[in-house]
Structures are given as structure tokens and as C-alpha cells.
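Close look at the chain arrangement
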Amino acid sequence: MRQSRMCTAFRQTGLAGVLAAALFGALDPFATSLSAQPPQLHGPAALAEPAPPPAIDSSTLPRLEELGIGSDELGIASDELGIASDEREGLATVEPWSTLLDPHNLPSRARPFAPRANLAPDTQNLMQNYVARVEAQRADLPSASFVQPGPGRLWWDEMVRQSIQTTELPLRVTLGSLCVGALQHSSYVQVVTTTPQIYESELLRENAAFAWRSFLETTYNDVNEPVANTLTTGTAASRYKDQSFSLDTGVRRRLPGGGQLEAFQRYGDQRNNSRFLAPNPQRTTRLQLQYTQPLLRGAGRAYNQSQIVLAKLQVGQSSDEVTGQLQDHLLRISEAYWQLYRTRAEYLQRQKLLRSAEAILDNLEARRGLDAVQRQVFRAKTAVAKRRSEMIRAETEIRNLQSQLRLLVNDPQLVQAGNRELAPCDALLMQHVELDLTQSLHTALANRPDISRAIRAVRQSSVELHVAHKDVLPQLDLVANTYVAGLSAGSTKQALNGQFSQGRPSYSLGLQFEVPFGNRAARAEEQRRSLILSRELGQFRLTVEEALTSVEVAVREVDAAYRELCAKYEAMSAAEREAMYLQDRWQIVPGIDDSAAQLLENLLDAQERVADEEGATARAQIAYAISMLRLKQEMGILLRADDTAFRPTAVPPRITEATP
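Residues numbered from 1 in each chain as written. Predicted model: local features only at pLDDT ≥ 70, side-chain atom pairs only at ≥ 80, totals over all residues. Heavy atoms only, no water.

1. Here we look at the overall build of the protein chain
In plain terms, the rule: Helix and strand labels come from DSSP, where a helix needs a run of H or I of at least four residues and a strand needs a run of E of at least two; each type is numbered from the N terminus. The buried label goes to any residue with under 20% of its type's maximum accessible area, the exposed label to any with over 50%, and the partly exposed label to all in between, with areas taken from a 1.4 Å probe on protein chains only. Any two residues having at least one pair of non-hydrogen atoms within 4.5 Å are treated as being in contact. Using a 1.4 Å probe, accessible areas were evaluated by the Shrake-Rupley method; residue-level cover was limited to the displayed protein chains.
Helix and strand content of the protein chain: 18 helices and 11 strands. Relative to its full complement of 660 residues, the protein chain shows a buried share of 48%. The long-range share in the protein chain, meaning contacts at least 24 apart out of those at least 6 apart in sequence, stands at 87%. Counting only carbon and sulfur atoms, one obtains 53% of the accessible surface of the protein chain, whose full area is about 31400 Å².

2. Section: the sheet that holds strand 4 (residues 239–254)
Test applied: Strands qualify as paired when DSSP identifies two bridges or more between them. Comment: axis = line fitted to C-alpha atoms, over the contacting stretch for helices; angle = value between 0 and 180 degrees taken between N-to-C directions.
Pairing is antiparallel in the open sheet, where six strands are placed in the order 3-4-5-6-9-10. A single partner strand is all that each edge strand has here, and the edge strands are strand 3 (213–226) and strand 10 (506–514). Taken over all neighbouring pairs, the strand axes of this sheet differ in orientation by 20 degrees on average, direction set aside. Across 12 bridges, strand 6 (residues 282–294) lies against strand 9 (residues 475–488) in antiparallel orientation. From the neighbouring strand, Thr292 faces strand 9, where its bridge partner is Val479.

3. Focus on a nonpolar patch on the surface
To keep things clear, this is the line we draw: Note that patches include only residues with greater than 30% relative accessible area and no salt bridge, and the join distances are 9 Å for like charges and 5 Å for nonpolar side chains (Val, Leu, Ile, Met, Phe, Trp, Tyr). Salt bridge, as used here, is a side-chain nitrogen of Lys or Arg placed within 4 Å of a carboxyl oxygen of Asp or Glu.
On the surface, a nonpolar cluster with roughly 570 Å² of combined accessible area is contributed by Leu295, Leu478, Tyr507, Leu509 and Leu511. No other element matches strand 10, which puts three residues into the nonpolar patch. In this fold, Leu509 is placed in strand 10. A residue is classified by how much of its surface remains accessible, and Leu509, at 67% relative accessible area, is exposed.

4. Things to note about the packing of aromatic side chains
Definition in use: The criterion for an aromatic pair is that two Phe, Tyr or Trp rings (for Trp, the six-membered ring) have centres within 6.5 Å, with stacked assigned to planes under 30 degrees apart, edge-to-face to planes over 60 apart and tilted to the rest. Charge over a ring is defined by NZ of Lys or CZ of Arg lying within 6 Å of the ring centre and within 35 degrees of the ring normal.
What the rule picks out here adds up to six aromatic pairs. A ring pair is formed by Trp155 and Trp156, whose centres lie 5.7 Å apart and whose planes are at 85 degrees; its orientation type is edge-to-face. It is Arg252 that lies over the ring of Phe215; its NZ or CZ is 3.8 Å from the centre.

5. Focus on the confidence of the model for the protein chain
The criterion, for reference: Here pLDDT means the predictor's own confidence in every residue, given as a number from 0 to 100.
When pLDDT is averaged along the protein chain, the result is 77; 75% of the residues meet or exceed 70. Every residue in residues 1–112 scores below 50 in pLDDT, and together they form 255 contacts with partners more than four places removed in sequence or on other chains. Taken together, the stretch residues 642–660 has pLDDT below 50 and engages in 67 contacts with residues farther than four places along the chain or on a different chain.

6. Section: the nonpolar core
Test applied: For this analysis, a nonpolar core means a set of buried residues of the types Ala, Val, Leu, Ile, Met, Phe, Trp, Tyr and Cys, connected via side-chain atoms within 4.5 Å.
Within the largest apolar cluster, 102 residues are counted, with the highest numbers of intra-cluster contacts made by Ile333, Trp338 and Phe540. Among the elements that take part in this core, helix 17 (residues 520–588) stands out by supplying 19 residues, more than any other. Counting residues in hydrophobic clusters, the runner-up holds five residues, among them Leu203, Ile308, Ala311 and Val315.

7. Here's the deal with helix 5 (residues 124–135)
The line we're drawing: Take the residue count of a helix, subtract one, and multiply by 1.5 Å to get its expected span. Taking the helix axis as origin, the arc is that swept by the directions to the C-beta atoms.
Along its 12 residues, helix 5 runs 15 Å from first to last C-alpha, staying within 8% of the 16 Å computed at 1.5 Å per residue. Among the residues of helix 5, Leu126, Met127, Tyr130 and Val134 are the ones counted as buried. End-on view of helix 5: buried residues confined to an arc of 60 degrees, all on one side of the axis. Here the buried face of helix 5 lies against helix 14 (437–447), helix 15 (449–472) and helix 17.

8. Details of the environment of Thr343
What counts is decided by this rule: Here a polar contact is recorded for every N or O atom pair within 3.5 Å, except that within protein the pair must consist of a potential hydrogen donor and a potential acceptor, and residues adjacent in sequence are included only if both atoms are side-chain atoms.
With respect to the secondary-structure elements, Thr343 resides in helix 11 (residues 306–366). A polar contact of 3.4 Å, which involves the side chain of Thr343, links it to the side chain of Arg342.

9. Re the pattern of salt bridges
Counted by the stated rule, this structure contains 32 salt bridges. In this structure, the salt-bridge partner of Glu206 is Arg205, at a minimum N-O distance of 3.2 Å. With relative accessibility at 13%, the residue Glu206 sits in the buried group. Taking relative accessible area as the criterion, Arg205 reaches 51% and is therefore assigned exposed. The partner of Glu217 in a salt bridge is Arg252, and the shortest N-O contact between them spans 3.7 Å. Placement of Glu217 in strand 3 and of Arg252 in strand 4 is noted, with a sequence separation of 35 residues between them. Here the salt bridges share partners, and the residues they tie into one network are Arg350, Arg387, Glu390, Glu608 and Asp612.

10. What about unusual backbone geometry?
With an omega of -10 degrees, the peptide bond running from Ala278 to Pro279 counts as cis. Relative to the elements of secondary structure, Pro279 occurs in the loop between strand 5 (260–272) and strand 6. The residue after Asn280, namely Pro281, is reached through a cis peptide bond having omega -5 degrees. The residue Pro281 is located in the loop between strand 5 and strand 6 in this model. Positive phi values are uncommon outside glycine, yet Asn410 reaches one of about 60 degrees. Mapped onto the fold, Asn410 is located in the loop between helix 12 (374–409) and helix 13 (412–417).

11. Side note on the environment of Glu608
Within the fold, Glu608 resides in helix 18 (residues 594–635). C-alpha of Glu608 to C-alpha of Arg350: the two residues are 258 residues apart in sequence and 9.2 Å apart in space. Leaving out residues up to four positions away in the same chain, Glu608 has contacts with Arg350, Leu353, Lys386 and Arg387.

12. Details of the packing of helix 11 against helix 15
Inclusion rule: When describing relative orientation, an angle under 35 degrees is termed roughly parallel and one over 145 degrees roughly antiparallel, while 65 to 115 degrees is termed roughly perpendicular and anything else oblique. Here a crossing is called left-handed whenever its near helix is offset anticlockwise from the far helix by less than a right angle, and right-handed whenever the offset is clockwise. Note on residue classes: Ala, Val, Leu, Ile, Met, Phe, Trp, Tyr, Cys and Pro are nonpolar, Asp, Glu, Lys and Arg are charged, and everything else, Gly too, is polar.
The contact between helix 11 and helix 15 brings their axes to 9 Å, and the two run at 165 degrees. Taken together, the axes of helix 11 and helix 15 lie roughly antiparallel to each other. The handedness of the crossing between helix 11 and helix 15 comes out as left-handed. Across the interface between the two elements, Ser306, Val309, Leu310, Leu313, Gln314, Gly316, Gln317, Asp320, Glu321, Thr323, Gly324 and Gln327 of helix 11 pack against Pro449, Ser452, Arg453, Arg456, Ala457, Arg459, Gln460, Val463, Glu464 and Val467 of helix 15. Residues belonging to the contact of helix 11 with helix 15 are distributed by class as follows: seven nonpolar, nine polar and six charged.

13. Some words on helix 12
It helps to recall that an α-helix has 3.6 residues per turn; residues three or four apart then point in one direction. Compared with an ideal rise of 1.5 Å per residue, which puts 36 residues at 52 Å, helix 12 spans 53 Å between its outermost C-alpha atoms and is within 8% of the ideal. At the C-terminal side of helix 12, Asn410 shows a positive phi close to 60 degrees.

14. Concerning the pairing of strand 6
Consecutive side chains of a regular strand alternate in pointing toward one face of the sheet and then the other. Summarising the sheet, strand 5 and strand 6 pair through 11 bridges and their orientation is antiparallel. In the strand pairing of strand 6, Gly268 is matched with Thr284.

15. Some details on the environment of Leu204
Note that Leu204 resides in helix 9 (residues 194–207). Residues Leu204 and Ile308 lie 104 residues apart in sequence; the distance between their C-alpha atoms is 8.5 Å.

16. Notes on the side chain of Asp477
Which entries qualify depends on this criterion: Under this rule, positive means Lys or Arg and negative means Asp or Glu; His and the chain ends count for nothing.
Relative to the elements of secondary structure, Asp477 occurs in strand 9. Summary of buried charges: Asp477 has no salt-bridge partner, and the nearest side chain of opposite charge, Arg297, is 8.3 Å away. Of the polar contacts made by the side chain of Asp477, one reaches the side chain of Gln475; its length is 2.9 Å. Those residues in contact with Asp477, other than ones at most four positions away along the chain, are Thr292, Gln293, Pro294, Leu295, Gly510, Leu511 and Gln512.

Listed below in C-alpha cells is the structure:
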């Protein structure tokens with residue numbers, strides 16, 4: 001029942017659907033290079049690389065797992081975004097679903113990032129204590145006992161989405177369109193999303209360390225030196241003259257297990273004036289294979305591929321960091337959007353207050369010769385002037401927030417619009433949302449990017465400690481060498497044939513051993529890495545504790561914000577009734593004595609109180625909407641949506657020109 005309600009509400013949500021469409025359209029395979037199988041580590045290095053996340057049925061939603069978007073396990077309903085989409089005629093133009101999914105219209109930089117490490121199988125030993133503790137957590141939320149405002153019960157809610165300036169038509173925007181525009185055009189997004197690509201290049205560089213390399217080495221020697229020994233030439237020549245040329249060509253590679261393999265073919269040509277060189281001149285060839293394998297220090301795939309694992313973890317950490325930064329940026333856009341809504345509402349409220357004062361002043365001016373006294377006229381003029389000054393400040397704040405939105409989004413449509421009025425098209429959600437604290441905490445454990453980053457930091461320290469353990473061992477290398485050689489007085493081809501047709505291969509085997517006295521440097525590094533791992537484990541525990549606390553606080557804030565909204569609505573209703581009562585009394589009682597002046601004073605004060613309570617109610621509306629967005633951010637799912645968001649049932653409008 002609850003799941004059905006949540007899915008239905010999600011189809012009415014503007015922000016999540018557009019964000020999901022934006023991320024779905026950015027199918028640039030960011031994580032392609034991460035698909036290689038990591039080395040199998042043991043001991044402390046067993047945390048080196050996360051296992052792939054559970055598979056999702058791709059027939060239902062293609063490539064969903066690459067987007068970080070899962071089924072509806074968010075812990076709160078999608079209507080908790082604080083948006084109730086308003087698609088009534090005249091407010092916005094809804095674009096076709098195929099247009100929204102056009103790759104040319106979707107952000108090219110919102111790449112699918114590396115999967116978060118929160119739910120990887122090898123992190124269960126880190127997370128199991130917190131998962132068990134969350135199961136016992138229960139919310140202590142009091143029930144709301146106030147009058148609950150429903151849709152359409154706030155007079156300014158409809159007018160906020162209309163034009164409040166008569167100079168030109170407004171540019172109508174939705175929160176979803178602004179977020180997509182930011183993902184496409186924001187300079188801040190361009191900056192932060194470059195970081196994972198930098199670390200991905202580092203990963204490619206580390207992978208290239210095990211690639212085959214070809215080489216070509218040549219040497220030409222022309223020796224002409226005096227003879228100091230008759231055995232040098234075997235003749236009476238006074239100078240030794242020798243000309244030689246050699247060429248080595250082949251391939252070499254560093255193997256994942258730490259060995260060095262090299263195979264090359266050597267060609268030689270030599271001639272001199274010595275009687276001992278036979279044949280003279282001569283052609284020589286050698287096909288040689290060399291292999292060196294560490295047996296202690298530097299041995300093993302885990303040791304030699306540790307830099308690849310560390311580079312992968314760096315990519316994952318940067319992805320987690322970018323996810324958090326994008327959530328923060330979209331939250332700033334959302335706050336500015338709803339603050340613009342609030343400011344427009346307060347502008348309308350102050351406009352209503354000003355008109356009330358102007359109506360009183362007009363009434364007094366008309367009754368000046370009958371029962372209105374000069375004191376009442378002066379008081380009404382004072383109220384009108386004061387309220388006009390408040391209108392100036394409200395209008396300035398609207399323009400400031402519009403400028404802030406243009407800066408945050410940087411969409412060309414907004415930039416080119418200049419100082420044109422921006423009219424928000426989304427309606428605020430006024431219904432109470434039941435929150436499940438346990439499910440919200442579970443969602444945070446599974447999705448928060450800072451927890452994922454802390455897990456990767458523990459893995460990184462574990463890998464580095466494993467490498468430090470290996471470096472403490474002495475160096476013991478096995479060296480193997482084998483070759484076949486050929487010699488000919490004629491051509492190089494004959495020497496090449498002689499390599500395989502004459503004699504047998506030569507070979508050699510040996511060991512190389514080295515250990516520093518005391519081995520203090522390696523042992524100090526091992527101790528340092530051990531301390532770093534202890535620090536990262538402590539930081540992980542601190543991160544999780546802070547995350548759970550912040551989610552718990554955010555859940556309470558959502559409930560408190562709604563109860564505060566109900567209380568503000570109740571206070572506003574009472575203030576309105578008081579103002580109506582005083583309005584009736586002022587119109588009925590003659591204005592010829594001090595009691596009438598006091599009634600006027602009370603009426604103007606009551607109108608001020610109504611405007612103040614209306615402003616407080618509007619602020620409570622915004623606080624409720626933003627509290628739900630902050631809860632989703634605290635749970636790490638502000639960039640996520642369920643699969644219903646990909647169904648073309650309720651497409652949120654993009655930035656559109658207003659209809660006259």
C-alpha cells in the first residue's frame with residue numbers, strides 16, 4: 001500500500017524525474033576501465049577492491065546500475081522533495097519525453113560514476129555493527145495536533161506562479177529544469193566533474209605499466225689504438241683497428257607477479273686487423289630470453305598491482321566526492337529556487353497590505369468633511385508610506401535571488417534573459433509525509449558518499465600496509481637466462497639459420513640476495529602504514545556516527561517543519577479573523593472621537609500582524625520543502641530516483657516562455 005502511494009507520488013515529482021533523465025542520457029562509459037578484475041589480496045589487503053554491486057534486471061531499465069539509480073528503497077516517498085507538480089494550462093509547456101531524452105539536450109558531464117562502496121560484500125565486517133544498531137532505532141516524533149493546511153488554502157500559492165510585473169512576460173522555470181541546466185552548463189559542475197577523469201587517466205597509466213614494450217638498440221664502434229701487446233693482433237702492426245656493429249631488437253614486459261621478461265634478437269658485424277678473429281669479417285646472431293622473478297620482497301600479484309588498486313580507489317573516492325559536491329550544488333539551487341518562491345509570496349503579501357492601507361486612506365479622504373479627522377488621515381498616510389518602502393525591499397530581494405539562480409545554473413537561457421522576471425512553476429507540497437527513521441538510516445548507510453569515501457580510505461590504507469609488509473622482507477630474486485647463437489663468415493641469414501641448426505641452447509640460473517642491516521627504513525614504513533590504517537578506521541567510525549546523527553536530526557527537522565507550518569497556518573487564520581473583526585468595527589463606528597482613532601490604530605496593527613503571519617507561513621512552507629530536500633541529501637539520495645521516473649507519465653516542464 002505504502003509502496004504504491006510512493007510510486008504514484010514519484011510520478012508527480014519534477015526534480016527527481018528530470019535528474020534521472022539527465023543522468024540516464026549521459027551514457028559516456030566513465031567506468032569502462034574499472035571493469036578489469038582486481039588482484040586477489042589476502043590478509044590486510046583483502047579490502048583492496050570492492051566486489052561489483054548486485055545485478056539489476058537490465059530488461060526493465062537499461063544500464064541502471066551505472067547510473068547509481070536503484071528501485072524504490074529510498075526510505076521516504078518521492079513527494080518528500082517538497083514539490084507538487086503543477087501542469088495546468090497556461091503555466092508551462094510540457095515537452096515530449098523523447099525530447100528530454102535526446103542526448104543532445106542532456107548533460108555531457110553528468111557521467112555515471114564508480115559504484116559506491118557502502119554495500120560491497122567485503123565491507124560487511126565494517127558495517128554490520130551499525131546495521132544492527134539501526135534496526136533497534138525508533139523515531140520519537142510527536143503527532144501533529146494542528147490544523148493542517150491543504151492545497152489551495154493559501155491565497156498566494158497560485159499568484160506566486162503568475163507574473164507580478166507588468167513590464168514584460170516572465171520566463172517560467174521549474175526546479176527540475178534549473179537542475180538539468182546546472183548539470184549541463186554550470187561552471188562549478190564542469191570543474192568538479194573533471195576530477196574523476198583526472199584520476200581515471202592515472203588509472204590508465206598504472207595499467208600501462210604491465211604492457212608489452214618493444215625496443216631497438218644499435219651500437220657502432222670504430223677502434224683505432226696503439227698495440228701494447230703482440231697478442232692483440234698477432235702481427236707486427238703498430239695499431240689495432242676494429243670496426244663492429246650490433247643491433248638488438250625485441251620486447252620486454254613487467255609481469256603482474258613481479259617478474260621481468262625480456263626477449264630479443266641480436267645481430268652483429270665485426271672486422272679488424274687481428275689474426276685471432278676467425279672468420280674475419282664475421283656475422284653473429286643471438287636469440288636470448290631473460291627472466292627475473294622476485295621470491296620475497298616485490299613478489300606476488302597483490303604487491304605489484306597495488307598501484308592499480310590504489311588508482312581505482314582514487315577514482316572511486318573522487319566519484320564519491322563529486323557526488324557530494326553535486327548534491328550540495330543542487331541543494332543550493334533548490335534553496336535559491338524556493339527562496340525566490342518565498343520572496344515573491346512576501347511581495348504579494350506586502351502588496352495586499354499596501355492596498356489595504358490605500359483603501360483606508362481613500363475612505364478617510366472621502367470622509368474628511370464628515371466624520372474623519374486629520375489625525376486619522378495622517379496615520380493612514382504613514383502606514384501607506386511605510387508599506388511602500390517594504391515593497392521596494394521585497395522587489396530588490398526578488399531580483400537578487402534571480403541573479404543568484406542565474407549564477408548557480410549558468411544556463412544560456414537564463415543568462416541571455418538578463419533581468420527578466422523568473423516565475424517558479426512548481427507548487428509546494430502541503431501534505432504530511434510519514435517518515436520511517438529506521439529505513440532512512442538504512443538508506444543513509446547504503447548511499448552516503450562520505451561513508452563510501454571513508455570505506456575506500458580504509459581499503460587504501462590496507463593495501464599500502466600490505467605493500468609495507470612485503471617491503472620488510474629481504475630481496476631474493478631468481479635470475480634465468482637462455483639463448484641460441486649463430487656465426488657465419490658470409491651473410492646474416494646463414495648466421496640466423498645456424499642458431500637453430502647447430503649446437504644446443506645455452507642457459508644460466510642464479511639467485512640475487514640483498515638485505516640492509518637493521519632494515520630500519522622498511523620497518524618504520526610498516527609502522528607508519530599501520531598507524532595510518534588505525535587512523536582511517538577511526539575516521540570511518542566517526543563518519544558513520546556523524547552520518548547517522550545527521551539523518552536522525554534531519555528526520556526530526558522534517559516533522560518539526562511540518563508541525564511548525566501547521567502552527568503558523570493556525571496563527572495566520574486567527575490573525576485574519578481578528579483583522580476582519582476590527583475592519584467591520586472601524587467601518588461601523590463613527591470616526592469623530594478618540595475611540596475611532598484607536599480603532600484605526602488597532603486595525604492597522606492587525607493588518608500588519610496578518611502580513612507578518614502570512615510571511616511566517618510562507619517561510620514555514622519553504623522550510624518544510626527544504627527540510628525534505630536536506631533529508632534526501634543527508635541520506636545521499638538527492639541525485640537518485642526510482643525506475644518510475646523513466647516512465648513518460650508526468651514529464652516535468654523545462655524552461656519555457658510564458659504564454660500571454
